[in-house]
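Chain and residue survey
Chain by chain, the residues:
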Amino acid sequence: MSTGFIFPAFISEYLGNEPEILSAYSNDFKQFLNEASIYLKIDLKSFTVNDHAFINSELKAQYISYIFGCSLVDILENGKIQPDFISGYSMGLYACLYCGHSITFTQGLDLIGKAYDLIKENTTHLDTGMGSIVGLSKEDISELLKGNSNGVEIVNTNGEHSFLLSGLKPAILKVLEAAKNEGALNTSLLNVRSPYHIRFLDGAAQKFDDYISDKIQIKDSSFKIVSALDQRVFNSSTDIHAELVNNLNSKIDWLKTMEKMIGLNIDQFIECGAGNSLFRIGKFIKGDFKIYTMNKLDKILDPAKS
Amino acid sequence: MGQITDQIRKEVKEIVYEYFADECEVDISEISDQTSIIKDLDGDSLMFLELIEIFKEKYDLDIELKTIGKYSVKNPVATISELIQMQLLIIEHENNIANLD
């Protein structure tokens, strides 16, 4: 049996009991919240899954998501559960790198904060965002993009019929409306202001590159990483540096990433974060594998319970 | 196009009930035909998509998702019984569901 650890981006919907699940195994989650609050000088200690302030703040949501990922990784590591491969979905890359011991906990916080600031700086005068379309093919959406506008692109393929768009908000709204008319089962504007994974962030990526060179000492990863951008497998610090930079302004393809890992004989994935977004996306990916979410932690740590 | 028999009606109802009980982690006895998929079960479009895929495979259906999407805009589904009814129409009419009122 081969195991992959996969790391979700920031969460919009919690299962509800994540802090309790983690607290049953260690104090890491609380300690990380405290440590991050002190280090960043912002209040993360008062986090609860029902507090919308932590979902609606893009930056806080990223910090919290990262803390969930790191806490779960520590529990798995203490339980001697090791991955054969690791991969981060979008901004889940930071917790993925913590898992591989490439960055420390606080370096991850630094990277998240810096990327956020640079993205904000790079898009100050733009009305940007992201959207989701479920139920159309890539070809259908590409046709809609031709007819509708510049300034919006497909930036992630979650499945054959599930895509994320990024770009200028008015253009995204037009495409979402056209998609609904074309027969999409669902369209929605995501609760983010930043246009992740798009060329608008070329300037931010360049500055992020400089920042990492100057400030972040990256180590080789203890585990092989599968890139969500181009599905290559790597673990060197040089490649990790490049992945961090490109992750801001390059498209990701989660479907191909999962297919790559399944092709590497991974038959068990652990979603290392809150919520169950990767579990749900995984249901539409073909292959003989299982994805376990945090609420199956007891079974992961003690397979006899399955 | 498939003919809807009592057996198919029974199967579809069972699959829909079992799917939501499992997916939403509720006891199947708590689900009824009048249960609201969104309000009571916190259902969403990915669940709808998964159910369509289950029925496409089970009954070897020839239907495009966007045909279902266009139909569901005109005929929105809110309850379990409405969802079952739509799945039966999909099984019966496949892509021709687009020609129904």
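The structure displayed is predicted, hence computed values, not measured ones.

Comments concerning the packing of aromatic side chains
With the rule as written, the count across this model stands at 14 aromatic pairs over all chains. Here B:Tyr19 and B:Phe20 contribute two aromatic rings whose centre-to-centre distance is 5.3 Å and whose plane-to-plane angle is 85°, an arrangement assigned as edge-to-face. Every member of this aromatic cluster is reached through a ring pair, and the members are A:Tyr14, A:Phe29, A:Phe47, A:Phe54 and A:Phe68. The ring of A:Phe54 carries A:Lys60 above its face, with NZ or CZ at 5.3 Å from the centroid. Here B:Lys58 stacks its cationic end above the ring of B:Tyr59, 5.6 Å away from the centre of that ring.

Thoughts on the packing of helix α6 (residues 105–122) of chain A against helix α9 (residues 202–215) of chain A
Residues and elements named next belong to chain A. Viewed as axis vectors pointing N to C, α6 and α9 meet at an angle of 145°, and their least axial separation amounts to 9 Å. The handedness of the crossing between α6 and α9 comes out as right-handed. Mapping the contact onto sequence places Asp-110, Leu-111, Lys-114, Ala-115, Leu-118, Ile-119, Glu-121 and Asn-122 in α6 and Gly-203, Ala-204, Lys-207, Phe-208, Tyr-211 and Ile-212 in α9.

Observations concerning unusual backbone geometry
Residue and element names in this part refer to chain A. Of note, Lys-41 is a non-glycine position whose phi angle comes to about 60°, a positive value. Relative to the helices and strands, Lys-41 resides in the loop between α2 (28–40) and α3 (53–56). One non-glycine residue, Asn-265, lies in the positive phi region at around 75°. Mapping Asn-265 onto the fold places it in the loop between α11 (254–263) and β10 (266–271).

Examining the domain arrangement of chain A
Put simply, an interface is often sized by how much accessible area is lost when its parts join up. All names here are of chain A. The domain architecture assigned to chain A consists of domain 1 (3–122 + 198–305) and domain 2 (128–189). Each of domain 1 and domain 2 was reduced to a C-alpha centroid, and the two centroids are 25 Å apart. Tallying the contact residues gives twelve residues for domain 1 and 14 residues for domain 2. The junction of domain 1 with domain 2 conceals about 1100 Å² of combined surface from both sides, 50% of it contributed by carbon and sulfur atoms. Its largest share of buried area at the contact with domain 2, domain 1 owes to Ile-198, Phe-200 and Lys-251, together 42% of the area lost on that side. Our enumeration of links across domain 1 and domain 2 arrives at three salt bridges.

Quick notes on empty space enclosed by the protein
Sizing a probe to match a water molecule and rolling it over the atoms shows the empty space that remains. Residues and elements named next belong to chain A. Using the criterion set out here, one finds three cavities of 30 Å³ or more in the structure. Its boundaries defined by the atoms lining it, the largest cavity holds a volume of some 90 Å³. If you go around the largest cavity, you meet 14 residues; those closest to its centre are Pro-8, Ser-65, Tyr-66, Met-91 and Gly-92. Of all the elements in the fold, those that place two or more residues in the lining of the largest cavity are α4 (58–78) and α5 (93–99). Grouping the constituent residues of the lining of the largest cavity by class yields ten nonpolar, four polar and no charged. The volume enclosed by the second largest cavity comes to roughly 50 Å³. Forming the boundary of the second largest cavity are Phe-5, Val-73, Glu-77, Ile-81, Gln-82, Pro-83, Cys-99 and Phe-223.

Quick look at the pattern of salt bridges
Taken as a whole, this structure holds 14 salt bridges over all chains when the rule is applied. Residue A:Lys251 is joined to A:Glu153 by a salt bridge in which the shortest nitrogen-to-oxygen separation is 2.8 Å. Of this pair, A:Lys251 sits in the loop between α10 (237–249) and β9 (252–253) while A:Glu153 sits in strand β4 (residues 152–159), and the two are 98 residues apart along the sequence. Relative accessible area serves as the criterion here: at 40%, A:Lys251 is assigned to the partly exposed category. Using a relative accessible area of 15% as the deciding quantity, one classes A:Glu153 as buried. Linked through salt bridges whose partners overlap, the residues forming this network are A:Asp140, A:Glu182 and B:Lys66.

Let's talk about the interface of chain A and chain B
Listed as interface residues are 17 residues of chain A and, on the opposing side, 18 residues of chain B. Counting each side, the surface lost to burial between chain A and chain B is near 1500 Å², with a carbon and sulfur contribution of 58%. At the junction of chain A with chain B, the criterion picks out five salt bridges. Across the pair B:Glu23 and A:Lys283 runs a salt bridge, and its minimum N-O distance is 2.3 Å. Where chain A touches chain B, the interface holds five residue pairs in polar contact (both at pLDDT 80 or more).

Examining the packing of helix α3 (residues 65–74) of chain B against helix α4 (residues 80–93) of chain B
Residues and elements named next belong to chain B. In the contact formed by α3 and α4, the axes pass within 12 Å of each other and the chain directions differ by 135°. Comparing their axes, α4 and α3 come out oblique. Remark: the crossing between α3 and α4 carries right-handed chirality. Counting all contacts with α3, which are made through Ile-68, Tyr-71 and Ser-72, the residues of α4 involved are Met-86, Leu-89 and Ile-90. For the contact of α3 with α4, the per-class residue count stands at five nonpolar, one polar and no charged.

A word on the pairing of strand β2 (residues 85–88) of chain A
Residues and elements named next belong to chain A. Neither face of β2 is open: one carries Phe-85 and Ser-87, the other Ile-86 and Gly-88, and all of them are buried. Of the strand pairs in this sheet, strand β1 (residues 2–7) and β2 are connected by four bridges, and their pairing is parallel. Paired with Ile-6 across the strands is Ser-87, a residue of β2.

Some thoughts on the sheet that holds strand β8 (residues 233–234) of chain A
Residues and elements named next belong to chain A. The strand order across the open sheet built from six strands is β8-β7-β2-β1-β10-β11, with neighbouring strands paired in mixed fashion. One side of each edge strand has no neighbouring strand; the edge strands of this open sheet are β8 and β11 (290–292). This element, α11, spans β1, β2, β7 (224–226), β8, β10 and β11 of the sheet and lies at about 130° to β10.

Points about the state of the cysteines
Residue and element names in this part refer to chain A. A complete count under the given rule lists zero disulfides over all chains for this structure. In this model Cys-70 remains outside any disulfide bridge; the closest cysteine sulfur is found in Cys-99, 9.1 Å from its own. Classification of Cys-70 by relative accessible area gives buried; the value is 0%. Here Cys-99 stays unpaired: no disulfide links it, and the sulfur of Cys-272, its closest cysteine neighbor, is 6.2 Å away. Overall, the relative accessible area of 1% leaves Cys-99 in the buried class.

Definitions and cut-offs
Residues numbered from 1 in each chain as written. Chains lettered and ligands numbered in written order. Predicted model: local features only at pLDDT ≥ 70, side-chain atom pairs only at ≥ 80, totals over all residues. Heavy atoms only, no water. Phe/Tyr/Trp six-rings, centres within 6.5 Å; stacked < 30°, edge-to-face > 60°. Lys NZ or Arg CZ within 6 Å of the ring centre and 35° of its normal. Axes fitted to C-alpha atoms, helices over the stretch in contact; angles between N-to-C directions. Helix = DSSP H or I, 4+ residues; strand = E, 2+ residues; numbered from the N terminus. Left-handed = near helix turned anticlockwise from the far one by under 90°. Contact = heavy atoms within 4.5 Å. Domains from an automatic or database assignment. Buried area = accessible area lost by both parts, 1.4 Å probe. Salt bridge = Lys/Arg side-chain N within 4 Å of Asp/Glu carboxyl O. 1 Å grid on protein atoms, 1.4 Å probe; cavity = no way out; pocket = protein on both sides within 12 Å on 5 of 7 lines; lining within 4 Å. Points joined across faces, edges and corners; volume = space filled by probe spheres on them. Nonpolar A, V, L, I, M, F, W, Y, C, P; charged D, E, K, R; others polar. Buried < 20%, exposed > 50% of the residue type's maximum accessible area, 1.4 Å probe, protein only. Polar contact = N/O pair within 3.5 Å; in protein donor to acceptor, adjacent residues only side chain to side chain. Parallel < 35°, antiparallel > 145°, perpendicular 65-115°, else oblique. Pairing = 2+ DSSP bridges. Disulfide = S-S within 2.5 Å.

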